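Secondary and tertiary structure notes
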Amino acid sequence: AKRGGAGEFRFFASHMELKAQEIISLDQLLEKALENRWFVFFYQPYFRAEDLRLAGLEALVRIKVDGKIYNPSEFIDYLEKSRFLPKFEEWMFEEIEEKARRFRVPISVNVSGRSFSRRGFVERFLNKFSGEDLSLEITERVFIEDVGYASDVIKRLRGRGIRVFIDDFGTGYCALSYLRELAVDVIKVDRSFIQGVVEKKRDRDLVEVIVLLARRLGIESLAEGVETEEQLDIVKKLGFNYVQGFLLEKPLPEEELLSKYPEILSK
Ligand code: C2E
Ligand code: CA
Ligand code: CA
Ligand code: CA
């Protein structure tokens, strides 16, 4: 699918005959996706760096219709600004609740800045979940608005046993002040840094210090977007707690996930 103008979206029917090709708006796609339950989570595992054992799963949303899969880059920005966000959150709550009950490994969920900033969402989350093995991934850029609020919410989430990950760490503007103000569990060092660790000494040095700094503050670290053996080798040496990326595993549909990692249900 290709994006046209603002909010416009080319939507191809499964038959793919030219005349069956419809152009509907992204708005319509989302509306239908909610109506017909086309949203699904794929799950990308992450692993302990020391022995590459499965440590948890990241839930990544997709729209699945007629055998076609839409990735979040095609709809998530629009969705987050649209009137569909509450309904999407609703779906997400239900889905995660069910999976958290069934899966015996930690699950992390990406939360948009809009959701995180809404008291209603946060209260709902706090009331609904407690004791489940859940983490929230919040991107660093979200906190810029109100660090006091963020810090308060994070404390309450952690008080409920929900872990907090800072996503895309290093891509915002004042990573250090976040580490100072926010008591989080894990930082996910952005893929753009991990890509540089093999060839760019400067990136490698920077990442090394981030990992050390985090550890000193009692925060765990995860290297995201590990794509090559060389990168894996280096991030292990740099002392990351966790690794994630296509080299280790791609985001998988639930069925494939469970057949490849049966320990998710048994253990
Ligand atoms: P993110 O949270 O930083 O997720 C990581 C993205 O990088 C995922 O893309 C994943 O498939 C991809 N990735 C993982 N390993 C590698 C790798 O080794 N190489 C490369 N090139 N890419 C890798 P995805 O699933 O398309 O998600 C994109 C973004 O959409 C996510 O970035 C997240 O910000 C957002 N997103 C995904 N699911 C949700 C959701 O349920 N809610 C919200 N609010 N946002 C979501
Ligand atoms: Ca994430
Ligand atoms: Ca990320
Ligand atoms: Ca990202």
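In what follows, the accompanying structure is described. Computed from a predicted structure; not experimentally measured.

In this structure, D167 (OD), D168 (OD), E224 (OE) and E224 (OE) serve as the protein donors to the calcium ion (ligand 3), at separations of 2.2 to 2.6 Å. Sequence positions of the donors to the calcium ion (ligand 3) reduce to the motif D-D-x55-E. A separation of 4.0 Å is found between the calcium ion (ligand 3) and the calcium ion (ligand 2), which are bridged by D167. With a gap of 57 residues between them, D167 in strand β8 (residues 163-169) and E224 in the loop between β10 (220-223) and α10 (229-237) connect regions that are remote in the sequence. A relative accessible area of 12% means that E224 is categorised as buried.

The subject of this paragraph is the nonpolar core. The tendency in soluble globular proteins is for nonpolar side chains to be buried side by side. The biggest cluster of nonpolar side chains holds 81 residues, and the ones touching the most others in it are F39, I63, F75, F116, F125 and I187. Of all hydrophobic cores here, the second largest spans six residues; its members include Y46, F165, V186 and L222.

When you line up the elements, R37 lands in the loop between α1 (26-35) and β3 (39-48). Separated by 65 residues in sequence, R37 and R102 have C-alpha atoms that sit 20 Å apart. In terms of polar contacts, R37 uses its side chain to reach the side chain of E94, at 2.9 Å.

Helix length check: helix α9 (residues 201-216), at 16 residues, gives a terminal C-alpha distance of 22 Å against a target of 22 Å (1.5 Å per residue), a fit within 8%. For α9, the elements touching its buried residues are β8, β9 (186-189), α8 (191-196) and β10. Within two residues after α9, G218 carries a phi angle of roughly 80°, on the positive side.

With that out of the way, let us pick up the packing of helix α3 (residues 85-102) against helix α5 (residues 119-128). In the contact formed by α3 and α5, the axes pass within 12 Å of each other and the chain directions differ by 15°. It follows from the interaxial angle that α3 and α5 lie roughly parallel. Every pair of crossing elements has a handedness; the one defined by α3 and α5 is right-handed. Residues E89, E90, M92, F93 and E97 of α3 touch α5, and the partners they reach there are F121, R124, F125 and K128. Class assignment for the residues of the contact of α3 with α5 results in four nonpolar, no polar and five charged.

Rules and cut-offs
- Residues numbered from 1 in each chain as written.
- Chains lettered and ligands numbered in written order.
- Predicted model: local features only at pLDDT ≥ 70, side-chain atom pairs only at ≥ 80, totals over all residues.
- Heavy atoms only, no water.
- Donors = N, O, S within 2.8 Å, 3.2 Å for Na, K, Ca; no water.
- Helix = DSSP H or I, 4+ residues; strand = E, 2+ residues; numbered from the N terminus.
- Buried < 20%, exposed > 50% of the residue type's maximum accessible area, 1.4 Å probe, protein only.
- Core = buried A, V, L, I, M, F, W, Y, C linked by side-chain atoms within 4.5 Å.
- Polar contact = N/O pair within 3.5 Å; in protein donor to acceptor, adjacent residues only side chain to side chain.
- Expected span 1.5 Å × (residues − 1).
- Contact = heavy atoms within 4.5 Å.
- Axes fitted to C-alpha atoms, helices over the stretch in contact; angles between N-to-C directions.
- Parallel < 35°, antiparallel > 145°, perpendicular 65-115°, else oblique.
- Left-handed = near helix turned anticlockwise from the far one by under 90°.
- Nonpolar A, V, L, I, M, F, W, Y, C, P; charged D, E, K, R; others polar.

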